[in-house]
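Each chain, written out:
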Amino acid sequence: MKYSIALVAVVAGVAQNASAFSVNNGRSTRRASFLSMNVEAVKTKEIKVGVIGAGRIGVVHLEAITKAPGVTPIIISNPTVSKAENAAKQYNVAKFTEDAMDVITDPDVDAVWICSPSQFHAEQIKAAAANGKHVFCEKPIATDLPETVEAINACNAAGVKLMIGLQRRFDDNFKRVKTAVEDSEVGDPIMIKLCSRDPSPPPFEYVKGGGGIFADMAVHDLDMSRFLAGADPIEILAIGSCHIDKSIEVLEGSEKYDTAACLVRYPNGVQAMVDVCRQSSYGYDQRAEVLGTKGMIQTDNVYPNTAKIYKNDFTGNADMPYDFFLSRYNEAYVSETVAFCESLVNDTPVPCTGEDGLVALIMAMAADKSAAENRWVKFSEIVESVYCAAPDECELLSQSDVFPEGFKPASNPRDFLLPDADQQKEEGFLQKMAKVFN
């Protein structure tokens, strides 16, 4: 009887923590305490990593890696090799190269940070997985849905960890709102509000081919709405317009918008409202709010200091909020990098999975479709547009001519994915424990 009760307790505890159907909250998963008496403590190991990309984001992550315990950067690449050389010298990295494959195939590298332009992400993820390297990748995983699924499954099939860079989940302000929701400080969520407004619009060349305002900009807010709601979204209504830079009105799809708003419906009637704009005359505006049945929690913008001015014609902050995303989210970038490093060193689940990146892309694509067609769009519509003959062979239904007999399109993005490395470990653990107690 004691053994049966123990097995139930272990299985229940692990199953609860390992659920592939819950939104990852960024907190580490813990084993049942009694297991520590029977399992040898894992020795802390040094993880050697390589970085692809020595641009702004690549250097931010490289600096963070140097601050993480148990992790050592040993190689960095960049097409303009002088940038890789400068970064290597600044952060004492032994090797630098112009070729990303030198990083991926380096026999001493355990994990790869992919900070290259978006169009190279998917192929580099697949190559890293094929070489047995764990992967951190800045969003997006890929620029289309089939390739995103293939890239995730490449990592899952290889049994390597994949973490996606959605840095706002690691910002102290947003984390505090998440904690308030989880701990029911404001009761059950009713309404979520998020706004993201840039200090000034990007150049035309950046907007053209950037995927549009929903995929390029609002995707962070859409992901944050899911993170705070703690559930998968059901449908979305989105609109867009152009007010700031009229030159982009000649572009296709949502690239012609510099302003947009979304209304997202979640289970239990929870609503999320997102507004984004490429220009804010008063600085970088990044705020969140959750209204619950017992109260409300909201964040303010982040300022470079707390100084205030008091005059007969003005009272308020002495300076404007941070005016650049790297300044505003510098600590968040460091925190997400350290979180992945800790996952590698301690072999714990990653706090932001490939699945999270996939759902974020689906939300952005649904918003784009909604704005284009002026209607509510169910997220399942986007999922159903993809057909996978195999985990690594996916395409859009509109591009496929042959389907197996009895084929039905998937409506849940998880149906496309193989179990990831952490889920495989949990499943193996459950199987081993079942054999022990049987």
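The rules we used
Residues numbered from 1 in each chain as written. Predicted model: local features only at pLDDT ≥ 70, side-chain atom pairs only at ≥ 80, totals over all residues. Heavy atoms only, no water. Helix = DSSP H or I, 4+ residues; strand = E, 2+ residues; numbered from the N terminus. Buried < 20%, exposed > 50% of the residue type's maximum accessible area, 1.4 Å probe, protein only. Polar contact = N/O pair within 3.5 Å; in protein donor to acceptor, adjacent residues only side chain to side chain. Contact = heavy atoms within 4.5 Å. Disulfide = S-S within 2.5 Å. 1 Å grid on protein atoms, 1.4 Å probe; cavity = no way out; pocket = protein on both sides within 12 Å on 5 of 7 lines; lining within 4 Å. Points joined across faces, edges and corners; volume = space filled by probe spheres on them. Nonpolar A, V, L, I, M, F, W, Y, C, P; charged D, E, K, R; others polar. Pairing = 2+ DSSP bridges. Axes fitted to C-alpha atoms, helices over the stretch in contact; angles between N-to-C directions. Phe/Tyr/Trp six-rings, centres within 6.5 Å; stacked < 30°, edge-to-face > 60°. Salt bridge = Lys/Arg side-chain N within 4 Å of Asp/Glu carboxyl O.

### A word on the side chain of Lys161
Positionally, Lys161 belongs in the loop between helix H6 (145-158) and strand E6 (162-165). What makes Lys161 buried here is its relative accessible area of 4%. Separated by 3.4 Å, the side chains of Lys161 and Asp347 make a polar contact. For Lys161, the residues in contact, after removing those within four places along its chain, are His134, Val135, Phe340, Ser343, Leu344, Asp347, Thr348, Pro349, Val350, Ala421 and Asp422.

### Notes on the state of the cysteines
Here the structure, examined in full by the defined rule, presents one disulfide. Linked covalently through their sulfurs, Cys388 and Cys394 form a disulfide whose S-S length is 2.1 Å. The S-S bond linking Cys388 to Cys394 shows a torsion near 105°; that makes this disulfide right-handed. Residue Cys388 is classed as partly exposed on the basis of its relative accessible area of 21%. Unpaired in this structure, Cys155 has its nearest cysteine sulfur neighbour in Cys137, at a distance of 8.9 Å.

### Comments concerning empty space enclosed by the protein
Tallying each qualifying case throughout the model produces one cavity of 30 Å³ or more. Along the walls of the largest cavity sit Tyr206, Val207, Gly210, Gly212, Ile213, Asp216, Glu255 and Arg278, which together make up its complete lining. The class makeup of the residues in the lining of the largest cavity is three nonpolar, two polar and three charged.

### Quick word on the sheet that holds strand E3 (residues 95-97)
Neighbouring strands of a sheet are bound in pairs by backbone hydrogen bonds; such pairs are parallel or else antiparallel. The six strands are arranged E3-E2-E1-E4-E5-E6 in an open sheet whose pairing can be described as parallel. Only two strands of the sheet have a single neighbouring strand rather than two, namely E3 and E6. On average, adjacent strands in this sheet sit at an angle of 20° to one another, irrespective of strand direction. Bridge analysis of strand E2 (residues 71-77) against E3 gives three bridges, and the strand direction is parallel. By the bridge assignment, Ser77 is partnered in E3 with Thr97. Packed onto the sheet, helix H5 (residues 121-130) meets strand E1 (47-52), strand E4 (111-114) and strand E5 (134-138) and runs at close to 170° relative to E5.

### Points about the environment of Ile239
Take Ile239: it is sitting in strand E8 (residues 235-241). Residue Ile239 is classed as exposed on the basis of its relative accessible area, which comes to 52%. Sequence separation between Ile239 and Asp275 is 36 residues, and the spatial gap between their C-alpha atoms is 9.8 Å. Excluding residues within four positions of it along the chain, Ile239 makes contact with Phe214, Thr259, Ala260, Ala261 and Ala371.

### Describing the packing of aromatic side chains
Considering all chains together, one arrives at five aromatic pairs under this definition. On the numbers, 5.2 Å between centres and 65° between planes, the contact of Trp113 with Phe340 is edge-to-face. With Trp113 in strand E4 and Phe340 in helix H11 (residues 330-346), the pair connects residues that are 227 residues apart, well separated along the chain. For Trp113, a relative accessible area of 0% puts it in the buried group. Judged by centre distance (6.3 Å) and plane angle (85°), the ring pair of Tyr284 and Tyr329 falls under edge-to-face.

### Describing the sheet that holds strand E12 (residues 296-298)
Taken in spatial order, the seven strands of this open sheet run E12-E11-E7-E10-E9-E8-E15, and their pairing is mixed. Looking along the sheet, the strands with just one partner apiece sit at the ends: E12 and strand E15 (377-378). Pairing between E8 and E15: two bridges, direction antiparallel. Note that in E15 the partner of Glu235 across the bridge is Lys378. In the packing of helix H12 (residues 354-373) onto the sheet, contacts are made with E8, strand E9 (259-265) and E15, and the angle to E8 comes to roughly 60°.

### What about the pattern of salt bridges?
Inspection of every chain in the model, using the stated rule, returns 28 salt bridges. The partner of Asp106 in a salt bridge is Lys95, with the nearest N and O atoms 2.5 Å apart. Taken together, the residues Asp106 in the loop between helix H4 (100-104) and E4 and Lys95 in strand E3 connect sequence positions 11 residues apart. Accessibility expressed as a relative area gives 32% for Lys95, which makes it partly exposed. Residue Asp216 pairs with Arg278 through a salt bridge whose shortest N-O separation is 3.2 Å. Here Arg278 lies in the loop between strand E10 (271-277) and strand E11 (285-292) and Asp216 lies in helix H9 (residues 213-229), a separation of 62 residues in the sequence. Classification of Asp216 as buried rests on a relative accessible area of 16%. By sharing partners, the salt bridges in this structure join Arg169, Asp223, Arg226, Asp232, Glu355, Asp356 and Arg414 into a single network.

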